[in-house]
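Understanding the architecture of this molecule
What follows is the residue order along each chain.
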Amino acid sequence: DSGVTQTPKHLITATGQRVTLRCSPRSGDLSVYWYQQSLDQGLQFLIHYYNGEERAKGNILERFSAQQFPDLHSELNLSSLELGDSALYFCASSVGWGHDAGELFFGEGSRLTVL
Amino acid sequence: GESVGLHLPTLSVQEGDNSIINCAYSNSASDYFIWYKQESGKGPQFIIDIRSNMDKRQGQRVTVLLNKTVKHLSLQIAATQPGDSAVYFCAENGSGNTPLVFGKGTRLSVIA
């Protein structure tokens with residue numbers, strides 16, 4: 001158990017809909033990262049927050065947004081869903097950030113299926 | 001469920017043999033490297049890490065080798081067991097604010 005909690009574990013929805021994925025980082029970790037893992041790709045970095053502030057953005061679509069709340073949990077919002085958004089979405093946390101963030105601890109992921 | 005897809009390099013080894021998984025990294029500014037293991041339906045788990053001031057680090061049954069000259073990283077698993085079957089990712093810390101950058105992954109299949 002990494003200490004990172006993600007909900008829901010599975011989600012099935014229709015095209016055009018909006019979903020919210022939730023992540024609670026390990027106790028004491030200030031950084032939260034979101035990654036997308038599709039069938040034909042590895043772990044694609046989406047976005048990183050540190051202590052409530054956005055620190056880095058990867059290949060995140062404009063239809064997607066995220067935030068980190070004062071209690072350090074984070075939510076990833078996916079809207080106007082398309083079939084290609086079906087993927088595993090992972091949250092990870094670390095104590096620090098940037099070049100010296102060290103090890104990332106991953107949650108079990110949220111599997112999104114868009115029909 | 002499946003954690004990754006159909007287009008990963010695959011390494012098949014006999015149970016009890018040693019496994020070597022290779023990774024080429026891209027950023028010469030990277031000075032921290034991690035190997036992760038991802039079992040089916042689970043999140044990536046830390047296996048071992050190494051900093052650029054070292055060229056070898058050993059853990060329990062695993063060894064990571066770093067060759068900075070050719071930007072190459074390898075993971076050696078001794079006496080491979082069925083429980084080692086998984087996808088293995090290398091990751092580098094890049095430069096600046098960039099979070100860990102993951103390689104494509106290699107699927108290890110252990111034949112009993």
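For the structure itself, consult the block above.
The rules behind these values
Residues numbered from 1 in each chain as written. Chains lettered and ligands numbered in written order. Predicted model: local features only at pLDDT ≥ 70, side-chain atom pairs only at ≥ 80, totals over all residues. Heavy atoms only, no water. Contact = heavy atoms within 4.5 Å. Polar contact = N/O pair within 3.5 Å; in protein donor to acceptor, adjacent residues only side chain to side chain. Helix = DSSP H or I, 4+ residues; strand = E, 2+ residues; numbered from the N terminus. Pairing = 2+ DSSP bridges. Axes fitted to C-alpha atoms, helices over the stretch in contact; angles between N-to-C directions. Buried < 20%, exposed > 50% of the residue type's maximum accessible area, 1.4 Å probe, protein only.

1. A short note on the interface of chain B and chain A
Facing 29 residues of chain B, the contacting portion of chain A comprises 24 residues. Here chain B and chain A share three residue pairs in polar contact (both at pLDDT 80 or more) between them. Here the element with the most residues in the side of chain B that touches chain A is strand 3 (residues 32–38) of chain B; it accounts for four residues.

2. Observations regarding the environment of Asp84 of chain B
Tracing the backbone shows Asp84 of chain B in the loop between strand 7 (72–77) and strand 8 (86–92). Contacts of Asp84 of chain B, omitting those with residues within four sequence positions, involve Lys37, Arg61, Ile77, Ala79, Leu108 and Val110 of chain B.

3. Here's the deal with the sheet that holds strand 7 of chain B
All names here are of chain B. Taken together, the four strands give an open sheet; going across it, the order is 2-7-6-5, and neighbouring strands pair in antiparallel fashion. Across the chains shown, the open sheet's two edge strands, defined by having one partner strand only, are strand 2 (19–24) and strand 5 (56–58). Put simply, the sheet's adjacent strands are angled 15 degrees from each other on average, direction ignored. Direction of pairing for strand 6 (residues 62–67) relative to strand 7: antiparallel, over a ladder of six bridges. Looking at the pairing, Leu66 lines up with Leu73 of strand 7.

4. Here's the deal with the sheet that holds strand 8 (residues 74–78) of chain A
Residues and elements named next belong to chain A. One open sheet holds the four strands; their spatial order is 1-3-8-7, and the pairing between them is antiparallel. On the outer flanks of this sheet lie strand 1 (5–7) and strand 7 (64–68), each paired with one strand and no other. On average, each strand axis in the sheet is inclined to that of its neighbour by 15 degrees, with strand direction left out of account. Sheet analysis places strand 7 next to strand 8, joined by five bridges and oriented antiparallel. Within the sheet, the bridge partner assigned to Ser65 lies in strand 8 and is Asn77.

5. Side note on the pairing of strand 7 of chain A
With burial as the criterion, only one face of strand 7 of chain A is covered, namely that bearing Phe64, Ala66 and Gln68 of chain A; the residues Ser65 and Gln67 of chain A on the opposite face remain uncovered. If you look at the hairpin formed by strand 7 of chain A and strand 8 of chain A, you'll find five residues sitting between the two strands, and Leu72 of chain A has a positive phi there, around 80 degrees.

Remember that the coordinates give geometry; whether it matters functionally is a separate question.
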